[in-house]
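Tertiary structure, described
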Amino acid sequence: MRNLILSAALVSASLFGMTAQAAEPLEAGKQYVELSNAVPVAVPGKIEVVELFWYGCPHCYAFEPVVNPWAEKLPADVNFVRLPAMFGGPWDAHGQMFLTLEAMGVEHKVHAAVFNAIQKEGKRLTKPDEMAEFLATQGVDKDKFLATYNSFAIAGQIKKAKELAQKYGISGVPTMVVNGKYRFDLGTAGGPEGTLDVADQLIAKERAAAASPSKN
């Protein structure tokens, strides 16, 4: 947890300014890290962009107005995925809530409201009943939420999310991973806009690699 807090502090310094770095040519080990073992993507044939986040992270909340419009305009060959980082305690509770809402098909409708409740309204939302009561105000069925939250299927999704985060080697949030190969964050990329610039360049890199003739 200490490392995560330190990472958040470093990211905080990069949120304001530090955009010049994004204009530099991409260099592994500088703006991004190339993973030693590529992680399989969720949808084969599409370039995957994963954003790892936590509802309790103020930097993730500040990133929302920047990343959301960008994600909405991604071309059809790119698959954008949100993945909750789960490091225990409230991280796990919030991650389980996100995965439950995603499984119910309502995450996109209440994602912003959940973020606002935690970041602006001071709600903890770490207990299932508390979550259900709040989500009911957003039109989510309480009983269905609780049944899904405690289901075997969600337990499997939690395990998968934790395994992915471990394979990505993340130490803080928000962190992005392109095509299961390249990991970067606001600190290494030079702020929110720089992060998306790095993502765009890595997407282009993967698209070009896919289009090039296979080597014999």
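Throughout, a residue's number is its position along its own chain's written sequence, starting from 1. Since the coordinates come from a predicted model, pLDDT governs what is reported: local features require at least 70, and pairs of side-chain atoms require 80 or more to be given and counted, while whole-chain, interface and lining totals use all residues. Computation of side-chain values covers all heavy atoms of the structure but excludes hydrogens and water.

Considerations on the packing of helix α3 (residues 90-104) against helix α4 (residues 107-119)
We count it as follows: In this analysis an axis means a line fitted to C-alpha atoms, helices contributing only their contacting stretch, and an angle means the value between N-to-C directions, from 0 to 180 degrees. Elements are defined by DSSP. Helices are runs of H or I of four residues or more, strands are runs of E of two residues or more, and each kind is numbered from the N terminus. An angle counts as roughly parallel when it lies under 35 degrees, as roughly antiparallel when it exceeds 145, as roughly perpendicular when it falls between 65 and 115, and as oblique in every other case. What makes a crossing left-handed is the near helix being turned counterclockwise from the far one by less than a right angle; a clockwise turn instead makes it right-handed. The contact definition used throughout considers only heavy atoms, calling two residues in contact when any of these lie within 4.5 Å. By the convention adopted, Pro, Cys, Tyr, Trp, Phe, Met, Ile, Leu, Val and Ala count as nonpolar, Lys, Arg, Asp and Glu as charged, and the other residues, Gly among them, as polar.
Across the interface, α3 lies against α4 with an axial gap of 9 Å and an inter-helix angle of 155 degrees. By the angle between their directions, the pair α3 and α4 is classed as roughly antiparallel. In terms of crossing hand, the pair formed by α3 and α4 is right-handed. Seen from α3, the contacting residues are His-94, Met-97, Phe-98, Leu-101 and Glu-102; seen from α4, they are Glu-107, Val-110, His-111, Val-114 and Ile-118. Its residues assigned to classes, the contact of α3 with α4 shows six nonpolar, two polar and two charged.

Considering the state of the cysteines
What counts here: The term disulfide is used for any two cysteine sulfur atoms that are within 2.5 Å. For the exposure calls, accessible area comes from a 1.4 Å probe over protein chains only, and a residue counts as buried if that area is under 20% of its type's maximum, exposed if over 50%, partly exposed in between.
Enumeration according to the criterion identifies zero disulfides in this entry. You can see Cys-57 has no disulfide; the closest cysteine sulfur is in Cys-60, sitting 3.1 Å from it. Taking the relative accessible area as the measure of exposure, Cys-60 reaches 0% and is therefore buried.

A word on helix α5 (residues 128-136)
Note the threshold: As used here, the arc belongs to the directions running from the helix axis to the C-beta atoms.
Of all the residues in α5, the buried ones are Met-131, Ala-132, Phe-134 and Leu-135. Across the axial projection of α5, the buried residues extend over an arc of 165 degrees, all falling on one side. Those residues of α5 that are buried lie in contact with α3, α4 and α6 (142-149).

Here we look at the pairing of strand β4 (residues 175-178)
Quick reminder of the rule: DSSP bridges decide pairing: two strands pair if at least two such bridges lie between them.
Going residue by residue along β4, you find Thr-175 and Val-177 tucked away on one face and Met-176 and Val-178 tucked away on the opposite face as well. Taken together, the four bridges between strand β2 (residues 47-53) and β4 define a ladder with antiparallel strand orientation. Among the inter-strand pairings, Leu-52 is bridged to a residue of β4, identified as Thr-175. With four bridges connecting them, β4 and strand β5 (residues 182-185) associate as antiparallel partners. Pairing of Thr-175 across the sheet is with Asp-185, part of β5.

Details of the packing of aromatic side chains
Which entries qualify depends on this criterion: Two rings belonging to Phe, Tyr or Trp (six-membered ring only in the last case) form a pair when the distance between their centres is within 6.5 Å. Interplanar angles under 30 degrees mark stacking, angles over 60 mark edge-to-face geometry, and anything in between is tilted.
The tally for this structure, following the rule as stated, stands at 11 aromatic pairs. Ring centres of Trp-54 and Trp-91 lie 4.1 Å apart, and the angle between their planes is 15 degrees; on these two criteria the pair is classed as stacked. Residue Trp-54 is located in the loop between β2 and α2 (58-72), and its partner Trp-91 is located in helix α3; the two are separated by 37 residues in the primary sequence. Taken individually, Trp-54 and Trp-91 each receive the classification buried, so the pair is uniform in this respect.

Focus on α6
Within α6 the residues assigned to the buried category are Phe-145, Thr-148 and Tyr-149. Buried positions in α6, seen along its axis, are confined to an arc of 100 degrees and lie on one side of it. What points out from α6, more than 90 degrees from its buried face, is the exposed set Asp-143 and Ala-147. For α6, the secondary structure elements touched by its buried residues are α3, α5 and α7 (152-168).

Structural notes on unusual backbone geometry
At the junction of Val-173 and Pro-174, the peptide bond is cis and its omega measures out at 0 degrees in the coordinates. Assignment of secondary structure puts Pro-174 in the loop between α7 and β4. A positive phi angle, close to 50 degrees, is found at Leu-125, a residue other than glycine. Structurally, Leu-125 can be placed in the loop between α4 and α5. For Leu-125, a relative accessible area of 0% translates into the label buried. A positive phi angle, close to 55 degrees, is found at Asn-179, a residue other than glycine.

All we've got here are geometric facts, nothing functional implied.
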